[in-house]
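Structural features, examined
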Amino acid sequence: MALLHFFFASMKQAQWFSHTLRGWFLKNGRTLPWRNNPTPYQVWVSEIMLQQTQVVTVIPYYERWIQVFPDVKSLAGAAIEDVLKLWAGLGYYRRARYLHEGAKVIVEQYCGEFPHEIRELRKIPGIGAYTAGAIASFAFKQDVPAIDGNAERVLSRFFGILGDIRGTERRVLESIASEVASFGHCSDVNQAIMDLGASLCGKSAQCAQCPLADKCYAFEHQMTESLPAPKVRIEKTDEFRVALRLISPFGKTLLAKRSKDALLGGLWEFPMVTLSRGRGKEHRDNALDLLRESRDARWRAWCHEKNLCLKEWHNTEKYISHTFTHIQMRVDLDEGLCNNEPAILPNGDYEDFRWVEYDEIGTKYPISTLMKKIMRMSVLGES
DNA sequence: CATGCGTGGGC
DNA sequence: TGCCCAAGCAT
């Protein structure tokens, strides 16, 4: 019933919406590095980078990326380490891995040419419903919808979709998006929806300047604040870790490579151990006790297991707090000198260990923002 | 299908 | 400052 209601109510509106919004876009659309008659590769790279990430953040990363990897073939032939280095700092590192894998798939299975069909695009790692629609409409000029967070917000407000657009009302949203798409010029219209969502129809709407306000459901009913229905947020887990800056007799620093499917997968860091993980004040208090009492013992055991012979040792009293989507992390830093430089086998969180020059960290070895913060705490010399 | 996965910017 | 978010996808 709900679907039928929205379908009939929105049919007339959809054409006006498409036409009016496109008119606004042709005058007011943003100029962006990936918008000048883009190749499918350029659309792909930009769309993956833009997932959950702001345009201003993406621009410099995109420019650098296109310089180094101008096409699918150059990306497919690259080393994953170099791919991650270009991505370092952007977050959600699995996206970089999927881009790399996807490039190989396109070269090996599609003769280096992007498939045009949505169904085929969806088979490429990291390309989901939205990105497939974006590539098909922006690069191949197909009249298909591309529903991202902006489209969810703009469409749910304009057409008055009151329920959960990620749940029960998903079909309604998709049906309306298809209706809008059916009037053509989807490359423009889809980008118009995003630009409107990024400017006038953001979290707080500026309806006075909006070309769609005349027929907008949310504007008419003063519901822009409450649409779309907000996502449920999960409480963050608190995590307490200790990192070790360990220096060998030859002045090398021990670096560990995180397992590729883990948090910050594939990036390098001072080795860390997790002391505790949980939620609530009681847990946090216990964790701080644990930190005081068993921090050194944990490290001694860790070093012993790795045949590392510790010489000097010191707790820096310094720590950083770092927030991830689902984790509130505190990392304390310990620093020490050891008498040997053993080869260390992969284990647990880490798939590789290496003794490196301090100034290679971040240039030769890709690191996260968390690791940058930890390095700033280090008081030992820089070599 | 609910959950895991980063970061920098805005208020 | 602390909280909320911003062009999703895979499992």
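Everything below is about the structure shown above.
Residues numbered from 1 in each chain as written. Chains lettered and ligands numbered in written order. Predicted model: local features only at pLDDT ≥ 70, side-chain atom pairs only at ≥ 80, totals over all residues. Heavy atoms only, no water.

Attention now goes to the pairing of strand E2 (residues 253-258). By the criterion of burial, E2 is predominantly enclosed, with 6 of the 6 residues buried. Taking every second residue as pointing to the same face, both faces of E2 are buried, with Thr-253, Leu-255 and Lys-257 on one and Leu-254, Ala-256 and Arg-258 on the other. Where E2 meets strand E3 (residues 268-269), 2 bridges bridge the pair, whose relative direction is antiparallel. Residue pairing in the sheet places Lys-257 in a bridge with Trp-268 of E3. (Buried < 20%, exposed > 50% of the residue type's maximum accessible area, 1.4 Å probe, protein only. Helix = DSSP H or I, 4+ residues; strand = E, 2+ residues; numbered from the N terminus. Pairing = 2+ DSSP bridges.)

A few words now on the nonpolar core. Generally speaking, a soluble globular protein has its nonpolar side chains buried in company with each other. Of all hydrophobic cores here, the largest spans 86 residues; its most connected members are Tyr-41, Trp-44, Trp-65, Phe-270 and Ile-374. For this core, the domains that each give at least three residues are domain 1 (2-220) and domain 2 (237-377). Ignoring sequence-local partners within four residues, the contact set of Ile-374 consists of Ala-243, Phe-270, Met-272, Ile-320, Val-331 and Leu-333. One finds Val-172, Ala-192, Leu-212 and Ala-218 within the second-largest nonpolar core, a separate group that totals 30 residues. (Core = buried A, V, L, I, M, F, W, Y, C linked by side-chain atoms within 4.5 Å. Domains from an automatic or database assignment. Contact = heavy atoms within 4.5 Å.)

A word on the protein's contact with DNA strand C. Neighbouring residues of DNA strand C: 24 residues in total, closest Leu-50, Gln-52, Asp-148, Asn-150 and Arg-233. By atom count, sugar and phosphate contribute 69% of the portion of DNA strand C lying within 4 Å of the protein. The side chain of Gln-54 places a nitrogen or oxygen atom 3.5 Å from a sugar or linking oxygen of DNA strand C. Between a sugar or linking oxygen of DNA strand C and a side-chain N or O atom of Asp-148, the distance comes to 2.5 Å. For the surface near DNA strand C, the class distribution of residues is 9 nonpolar, 8 polar and 7 charged. (Near = heavy atom within 4 Å. Polar contact = N/O pair within 3.5 Å; in protein donor to acceptor, adjacent residues only side chain to side chain. Nonpolar A, V, L, I, M, F, W, Y, C, P; charged D, E, K, R; others polar.)

Every one of the 18 residues lining DNA strand B counts as a neighbour, but Tyr-93, Leu-264, Thr-323, Thr-325 and His-326 are closest to it. Sugar plus phosphate, as a fraction of atoms of DNA strand B within 4 Å of the protein: 63%. A distance of 2.9 Å separates a base nitrogen of DNA strand B from a polar backbone atom of Gln-52. Between DNA strand B and Thr-53, the relevant distance is 3.0 Å, taken from a base nitrogen to a side-chain nitrogen or oxygen of the residue. Class assignment of the residues belonging to the surface near DNA strand B gives a composition of 6 nonpolar, 11 polar and 1 charged.

It is worth stressing that arrangement in space is one thing and function is another; only the former is reported here.
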